[in-house]
Amino acid sequence: MALAADDIQKAKSVWEKFYVNAEDNGAIVLSRMFKEHPHTVSYFTNFKELQSIAGTASAAKLEGLSEVRTHGKKVLSALNDMVQQVDNMDALKAIIEPLGKKHAVELKVDVKEFEILCGILLDLMAEKCGEDTKTDFKKVTDVVCEQIKSTY
């Protein structure tokens with residue numbers, strides 16, 4: 001699914017504002033995912049602090065964990081690479097394919113988790129940047145999720 005030039009421009013503009021705080025926003029997205037979808041913690045067995053407190057800690061406490069902050073920034077950095085190539089499907093696929101395969105084969109992450117993550121991301125974008133940003137960026141997350149699914 002190719003995006004119209006206007007959609008790409010809007011999405012990149014929204015993303016630019018949101019990505020300025022990549023570490024904070026990434027940590028918020030992951031901590032909310034862990035609290036709202038507790039089963040997702042099981043994918044992060046190497047996150048020892050997370051494993052020890054996930055069941056009882058608040059989202060704010062999880063957000064402050066260094067391993068959550070580091071991985072949250074990594075997730076948003078990968079998405080940033082995708083956003084920069086959203087107008088070039090071949091380049092976008094080249095970014096997504098190894099990421100999707102690693103999560104499918106090596107990490108055994110259920111593909112539906114990407115939709116959960118994108119939903120939380122969109123909600124946070126709306127909180128931080130206004131409700132209309134959710135609509136503007138959803139087209140990008142739809143393309144990304146579609147491409148990730150194709151790697152499974």
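Details of the structure are given in the entry above.
Residues numbered from 1 in each chain as written. Predicted model: local features only at pLDDT ≥ 70, side-chain atom pairs only at ≥ 80, totals over all residues. Heavy atoms only, no water.

## Considering the side chain of Ser 31
How we decide: What counts as a helix is a DSSP run of H or I of at least four residues, what counts as a strand is a run of E of at least two, and both are numbered from the N terminus. Each residue is assigned to one of three classes by its accessible area relative to the maximum for its type, calculated with a 1.4 Å probe on protein chains only: buried under 20%, partly exposed between the two thresholds, exposed over 50%. Two N or O atoms count as a polar contact when they lie within 3.5 Å, although within protein this holds only if one can serve as hydrogen donor and the other as acceptor, and sequence-adjacent residues are included solely when both atoms are side-chain atoms. Contacts between residues were defined by any pair of non-hydrogen atoms, one from each residue, lying within 4.5 Å.
With respect to the element layout, Ser 31 can be found in helix α2 (residues 22-36). Look at Ser 31 and you get buried, because its relative accessible area is 1%. Reaching out from Ser 31, the side chain makes a polar contact with the backbone oxygen of Ile 28 at a distance of 3.0 Å. Non-local contacts of Ser 31, meaning those with residues more than four positions away in its chain, are made with Ala 59, Leu 62, Glu 63 and Val 68.

## A closer look at helix α1 (residues 5-19)
Using the following cut-off: To estimate how far a helix should extend, the number of its residues minus one is multiplied by 1.5 Å. Directions pointing from the helix axis toward each C-beta atom define the arc.
Here α1 spans 21 Å end to end across 15 residues, near enough to the 21 Å set by a 1.5 Å rise per residue. Every buried residue of α1 is accounted for by Asp 7, Ile 8, Ala 11, Val 14, Trp 15 and Phe 18. Down the axis of α1, the buried set is contained in an arc of 135 degrees. They therefore lie on one face. Of the exposed residues in α1, those oriented more than 90 degrees away from the buried face are Ala 5, Glu 16 and Lys 17. Those residues of α1 that are buried lie in contact with α2, α5 (66-84), α7 (112-129) and α8 (131-151).

## Observations regarding the packing of aromatic side chains
Convention followed: Only Phe, Tyr and Trp rings take part, Trp by its six-membered ring, and two of them pair if their centres are within 6.5 Å. Stacked means planes under 30 degrees apart, edge-to-face means over 60, and tilted covers everything else.
Within this structure, the stated rule accounts for six aromatic pairs. An angle of 15 degrees between the planes, with centres 5.3 Å apart, marks the rings of Trp 15 and Phe 137 as stacked. In this pair, Trp 15 sits in helix α1 while Phe 137 sits in helix α8, placing the two residues 122 residues apart along the sequence. Judged by its relative accessible area of 0%, Phe 137 falls in the buried class. Judged by centre distance (5.1 Å) and plane angle (50 degrees), the rings of Phe 44 and Phe 47 are tilted. Members of the aromatic cluster, connected to one another through ring pairs, are Trp 15, Phe 18, Tyr 19 and Phe 137.

## Points about the nonpolar core
Generally speaking, a soluble globular protein has its nonpolar side chains buried in company with each other. Short version of the rule: We call a set of buried residues a nonpolar core when its members are Ala, Val, Leu, Ile, Met, Phe, Trp, Tyr or Cys and they connect through side-chain atoms within 4.5 Å of each other.
Ranked by size, the top nonpolar core spans 45 residues in total, and within it Trp 15, Phe 34, Leu 50, Leu 121 and Phe 137 carry the most contacts. Those elements that place two or more of their residues in this core are α1, α2, α5, α6 (89-106), α7 and α8. Top contributing element to this core by residue count: α7, with nine residues. With sequence-adjacent residues up to four places away left out, Trp 15 is seen in contact with Leu 76, Leu 79, Asn 80, Val 83, Gln 84, Leu 121, Met 125 and Phe 137.

## Notes on the pattern of salt bridges
Spelled out, the test is: Throughout this description, the term salt bridge denotes a Lys or Arg side-chain nitrogen within 4 Å of a carboxyl oxygen of Asp or Glu.
All chains considered together, the criterion is met by ten salt bridges. When the shortest N-O distance is used, the salt bridge between Asp 87 and Lys 12 registers 3.8 Å. Of this pair, Asp 87 sits in the loop between α5 and α6 while Lys 12 sits in helix α1; the two residues are 75 residues apart in sequence, bridging distant segments of the chain. The salt bridge involving Glu 127 is made with Arg 32; its shortest N-O contact spans 2.8 Å. Highlighted residues: Glu 127 in helix α7 and Arg 32 in helix α2, separated in sequence by 95 residues. According to the relative accessible area criterion, Glu 127 is exposed, its value standing at 53%. Exposure remark for Arg 32: the relative accessible area of 21% places this residue in the partly exposed category.

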